[in-house]
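So the chains spell out like this:
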Amino acid sequence: MRIIVAEYPKSGGSWLCNLLGELVQLPPRDIYVDDTNHAPHLAMHPWYKNENTFSLPPSCVIKSHEKPGSGLHDFEHATVHLVRDGRDVTVSKYYFEKEFCVLNGFNDRFDIPFNVFLTKTALEWVEYLDSWRGKQQAVCSYEELIEDPVTTLNNLGHRLGFDFSRDAIELALEKHSKSNMRASLSFFKGEFVRKGIIGDWKNIFDDTSKYIFKKHAGNALIELGYEKDLTW
């Protein structure tokens, strides 16, 4: 069995792949990694360490940023669509690209002003959400995983055809805590796992940021239940 966790980047996909992989006893993998496409550092990544191949095994939990119908998803699989407040997504993605990706040589430089980056990311986030609208999928939010992980993972398991015990869920949560994820990725420079908190956007957004996000993605926030209206 293959399970795809589809997310717009920086929505918590690595964490959910770790949790689901632990619960269904399948290895986590990345849709963009195979034997012809991988960087040297991946040999130290906990998903690939001591593995003989980087290709997808017949059964695994796969992180993907692809939209429905992607050729990279051209195999039998179940899908989980993981969503997160686009404002927190933007902040996480901005600092990931500005700090982590530069420190580790994935980007040579990053000098995009935050509000310029915000416009691009808000538009992409809405487009990604719209692409999954009406598709057959299990859906959960990052915020639900943070606020009530046991119930959220139990419900997600039922959608996927599994019955996870509370003990198993709590063990998975303990093993794959944010602090343990940070430690397992310590071979990177900087932090792949940043704050991971809800509402960090409030520390970053100015009035212009709020205007931009409301203009391009405000309705999506309301539709997903993150806001009741545009007065935030």
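Per-chain numbering applies: the sequence of each chain, read as written, is numbered from 1 onward. In view of the model being predicted, local features appear only for residues whose pLDDT reaches at least 70, and side-chain atom pairs are presented and counted only at 80 or more, with totals across whole chains, interfaces and linings using the full set of residues. Remark: hydrogens and water are excluded; side-chain values derive from all non-hydrogen atoms of the structure.

1. Quick notes on helix H3 (residues 114-132)
The condition that has to hold: Under the DSSP-based scheme used, a helix requires at least four consecutive residues in state H or I and a strand at least two consecutive residues in state E, with every element numbered from the N terminus. Take the residue count of a helix, subtract one, and multiply by 1.5 Å to get its expected span. Think of it in three bands: with a 1.4 Å probe and only protein chains considered, a residue is buried below 20% of the maximum accessible area for its type, exposed above 50%, and partly exposed in between.
In this model, H3 (19 residues) spans 27 Å end to end at C-alpha, consistent with the 27 Å of a helix rising 1.5 Å per residue. Listed in full, the buried residues belonging to H3 are Phe114, Phe117, Leu118, Thr121, Ala122, Trp125, Val126, Tyr128, Leu129, Ser131 and Trp132. Gly134 occupies a position one or two residues after H3 and carries a positive phi of about 80°.

2. Concerning the environment of Asn107
Quick reminder of the rule: The criterion used for residue contact is that any of the two residues' heavy atoms lie within 4.5 Å.
Within the secondary structure, Asn107 sits in the loop between helix H2 (86-103) and H3. For the pair Asn107 and Glu97, spaced 10 residues apart in sequence, the C-alpha separation works out to 7.5 Å. Residues in contact with Asn107, not counting those within four places in the same chain, are Glu97, Cys101 and Val102.

3. Structural notes on the packing of helix H1 (residues 13-24) against helix H6 (residues 166-175)
Note the cut-off: The axes used here are C-alpha line fits, helices contributing only the stretch in contact, and every angle between their N-to-C directions lies in the interval 0 to 180 degrees. In what follows, roughly perpendicular refers to angles from 65 to 115 degrees, roughly parallel to angles under 35, roughly antiparallel to angles over 145, and oblique to any angle outside these ranges. In a left-handed crossing the near helix is turned counterclockwise from the far helix by less than a right angle, and in a right-handed crossing that turn is clockwise.
Running from N to C, H1 and H6 cross one another at 135°; their axes reach a closest spacing of 9 Å. By the angle class used here, H1 and H6 are oblique. In the packing of H1 onto H6, the handedness of the crossing is right-handed. Where H1 abuts H6, its residues Trp15, Leu19, Glu22 and Leu23 lie against Ala168, Ile169, Ala172, Leu173 and Lys175.

4. Focus: the side chain of Asn18
Condition: For this analysis, a polar contact is any N or O atom pair within 3.5 Å, provided that within protein one partner can donate a hydrogen and the other can accept it, and provided that sequence-adjacent residues contribute only side-chain to side-chain pairs.
Structurally, the position occupied by Asn18 is in helix H1. Of note is the side chain of Asn18, whose polar atom sits 2.7 Å from the side chain of Trp47.

5. Thoughts on the nonpolar core
Counted only if it meets this: Think of a nonpolar core as a cluster: buried Ala, Val, Leu, Ile, Met, Phe, Trp, Tyr and Cys residues, connected wherever their side-chain atoms sit within 4.5 Å.
Membership of the largest hydrophobic core comes to 31 residues, with the highest contact counts inside it found for Leu16, Leu20, Val61, Val80, Leu153 and Leu156. Where this core is concerned, the elements lending two or more residues are strand S1 (2-7), H1, strand S4 (78-83), strand S5 (138-141), helix H4 (142-147), helix H5 (149-160) and H6. Apart from the residues within four sequence positions on either side, Val61 is in contact with Ile3, Val5, Cys17, Leu20, Gly21, Val24, Leu26, Pro27, Pro28 and Arg29. Tyr8, Ile62, Ala122 and Ile212 belong to the second largest nonpolar core, which has 30 residues in total.

6. Describing unusual backbone geometry
Phi is positive for Lys10, close to 70°, though the residue is something other than glycine. For Lys10, a relative accessible area of 15% translates into the label buried. For Gln25, which is not glycine, the phi torsion reads 60° and is therefore positive.

7. What to know about the state of the cysteines
Quick reminder of the rule: Note that a disulfide, as used here, is simply two cysteine sulfur atoms within 2.5 Å.
Inspection of every chain in the model, using the stated rule, returns 0 disulfides. Among the cysteines around Cys60, which has no disulfide bond, Cys17 carries the closest sulfur, lying 9.3 Å off.

8. A word on the pairing of strand S3 (residues 60-64)
Where a strand is regular, its side chains alternate between the two sheet faces. Our working definition: Only strands that DSSP links by at least two bridges are regarded as paired with each other.
Along S3, 5 of the 5 residues are buried, which leaves the element largely enclosed by surrounding structure. What you see with S3 is no split at all: Cys60, Ile62 and Ser64 on one side and Val61 and Lys63 on the other are buried throughout. Summarising the sheet, S1 and S3 pair through 5 bridges and their orientation is parallel. Its bridge partner lying in S3, Ile4 is registered against Ile62.

9. Some remarks on the packing of H2 against H3
For clarity, the threshold we go by: Each residue gets one of three labels, nonpolar for Ala, Val, Leu, Ile, Met, Phe, Trp, Tyr, Cys and Pro, charged for Asp, Glu, Lys and Arg, and polar for the others, Gly among them.
Running from N to C, H2 and H3 point in directions that differ by 125°, and their axes come no closer than 10 Å. Our classification of the angle between H2 and H3 gives oblique. At the point where H2 passes H3, the crossing takes the right-handed sense. Of the residues in H3, those touching H2 at Gly86, Thr90, Val91, Lys93, Tyr94 and Glu97 are Phe114, Phe117, Leu118, Thr121 and Trp125. Across the contact of H2 with H3, the residue classes break down as 6 nonpolar, 3 polar and 2 charged.

10. Overview of the packing of aromatic side chains
The criterion, for reference: For Phe, Tyr and Trp, where Trp contributes only its six-membered ring, two rings pair if their centres lie within 6.5 Å, and the inter-plane angle classes them as stacked under 30 degrees, edge-to-face over 60, or tilted in between. By definition, being over a ring means that NZ of Lys or CZ of Arg is both within 6 Å of the ring centre and within 35 degrees of the ring normal.
Counting across every chain of the model gives 14 aromatic pairs. Aromatic side chains Tyr8 and Tyr128 sit 6.1 Å apart centroid to centroid with 65° between the ring planes, which places their arrangement in the edge-to-face category. Taken together, the residues Tyr8 in the loop between S1 and H1 and Tyr128 in helix H3 connect sequence positions 120 residues apart. Here the aromatic cluster, defined as three or more aromatic residues joined through ring pairs, consists of Tyr94, Tyr95, Phe110, Phe114, Phe117, Trp125, Trp201, Phe205, Phe213 and Trp232. Note that Arg84 overlies the ring of Tyr142, its terminal NZ or CZ placed 4.3 Å from the centroid. For Arg87, the ring lying beneath its charged end belongs to Trp232, and the centroid distance is 4.5 Å.

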